[in-house]
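Residue strings, one per chain:
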Amino acid sequence: DAKTTQPNSMESNEEEPVHLPCNHSTISGTDYIHWYRQLPSQGPEYVIHGLTSNVNNRMASLAIAEDRKSSTLILHRATLRDAAVYYCILRDRNAGNMLTFGGGTRLMVKP
Amino acid sequence: GAVVSQHPSRVICKSGTSVKIECRSLDFQATTMFWYRQFPKQSLMLMATSNEGSKATYEQGVEKDKFLINHASLTLSTLTVTSAHPEDSSFYICSARDNVGGAHGYTFGSGTRLTVV
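1. Quick word on the interface of chain B and chain A
Interfaces are often described in size by the accessible area the parts lose on coming together. Taken together, the contact pairs 18 residues of chain B with 17 residues of chain A. Surface buried jointly by chain B and chain A totals about 1,500 Å² across both partners, of which 58% is contributed by carbon and sulfur atoms. For the pair chain B and chain A, the number of links is 5 residue pairs in polar contact (both at pLDDT 80 or more). Breaking the side of chain B that touches chain A down by element, the ones donating at least two residues are strand E4 (32-38), strand E9 (90-97) and strand E10 (106-108) of chain B. Grouping the constituent residues of the side of chain B that touches chain A by class yields 9 nonpolar, 7 polar and 2 charged.

2. A closer look at the nonpolar core
Looking at soluble globular proteins, one finds that nonpolar side chains tend to be buried together. Core analysis: the largest hydrophobic core is formed by 24 residues, its most contacted members being Trp35, Phe67, Leu79, Tyr92 and Leu114 of chain B. If you list the elements that add at least two residues to this core, you get strand E2 (10-13), strand E3 (19-25), E4, strand E5 (45-51), strand E7 (67-73), strand E8 (76-81), E9 and strand E11 (112-116) of chain B. In terms of nonpolar packing, the next biggest core, distinct from the first, is built from 20 residues, Val47, Leu62, Leu90 and Val109 of chain A among them.

3. What about the pairing of E11 of chain B?
Residues and elements named next belong to chain B. Burial along E11 is one-sided: the face carrying Thr112, Leu114 and Val116 is buried and the face carrying Arg113 and Thr115 is not. The pairing of E2 with E11 spans 4 bridges and is classified as parallel. Counted as the bridge partner of valine 11 is leucine 114 from E11. As judged from the 3 bridges shared by E9 and E11, these two strands associate in the antiparallel manner. Opposite serine 90, over in E11, you have leucine 114 as the bridge partner.

4. Description of the state of the cysteines
Under the definition given, this model contains 2 disulfides over all chains. Each sulfur in the disulfide pair cysteine 22 of chain A and cysteine 88 of chain A lies 2.1 Å from the other. Given an S-S torsion of about -80°, the disulfide between cysteine 22 of chain A and cysteine 88 of chain A has left-handed geometry. Of this pair, cysteine 22 of chain A sits in strand E2 (residues 18-23) while cysteine 88 of chain A is found in strand E8 (residues 84-92), placing the two residues 66 residues apart along the sequence. Neither residue differs from the other here; cysteine 22 of chain A and cysteine 88 of chain A are each classed as buried. Two residues share a disulfide in this structure: cysteine 23 of chain B and cysteine 94 of chain B, whose sulfurs sit 2.0 Å from each other. Its S-S torsion of approximately 80° makes the covalent link between cysteine 23 of chain B and cysteine 94 of chain B right-handed. Here cysteine 94 of chain B lies in strand E9 and cysteine 23 of chain B lies in strand E3, a separation of 71 residues in the sequence. Since its relative accessible area comes to 0%, cysteine 23 of chain B is described here as buried. Of the cysteine sulfurs around cysteine 13 of chain B, a residue in no disulfide, the closest is that of cysteine 94 of chain B, at 18 Å.

Rules used in this analysis
- Residues numbered from 1 in each chain as written.
- Chains lettered and ligands numbered in written order.
- Predicted model: local features only at pLDDT ≥ 70, side-chain atom pairs only at ≥ 80, totals over all residues.
- Heavy atoms only, no water.
- Contact = heavy atoms within 4.5 Å.
- Buried area = accessible area lost by both parts, 1.4 Å probe.
- Polar contact = N/O pair within 3.5 Å; in protein donor to acceptor, adjacent residues only side chain to side chain.
- Helix = DSSP H or I, 4+ residues; strand = E, 2+ residues; numbered from the N terminus.
- Nonpolar A, V, L, I, M, F, W, Y, C, P; charged D, E, K, R; others polar.
- Core = buried A, V, L, I, M, F, W, Y, C linked by side-chain atoms within 4.5 Å.
- Buried < 20%, exposed > 50% of the residue type's maximum accessible area, 1.4 Å probe, protein only.
- Pairing = 2+ DSSP bridges.
- Disulfide = S-S within 2.5 Å.

The following block contains the structure:
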């Protein structure tokens, strides 16, 4: 699976929107973009995924660049419970089943 | 939605003993489960892929005789850390592919924190 690059950490204020960037310049046409997050001492949980079009769900929005070489996870109103490590992962729908985790972005939310 | 139950959540064992960690898919069948290990301040590292009814596939550098994986049913995979040593202390996390839940389909357990003393 192609590699992703994320900032190591970001800070946000509570109740404000957060934009978490992810670069994936070597993405292939069959790669899905997945976002998972991991709260302290927990297993990762699914946030959102997409292929080409922007996606919205109850947790977040995913904005995908037109060339697909980058994407942004958007939390519309950060809460203290959103403090976690956010992982951007590419998964080739035609390849093996596992998810390969990079370093992720540690999001800190200030009250 | 899909739920993966992992047990125990925390275990402390003496050096030289073995520890078994269970991973169950509660409301779906999982022919494939994955085992990850996570050291403090680091990301998840895939250890092995567990296949129901067949041998697990281990990632490079992971000792298959030390980390025994059994996937005897469609809802249960177990990881046994044999002859544990302090350097095996880590956070172990399992994951299962939920073929019912859609394209994202990966559900993770809540993890097992292993401390070897």
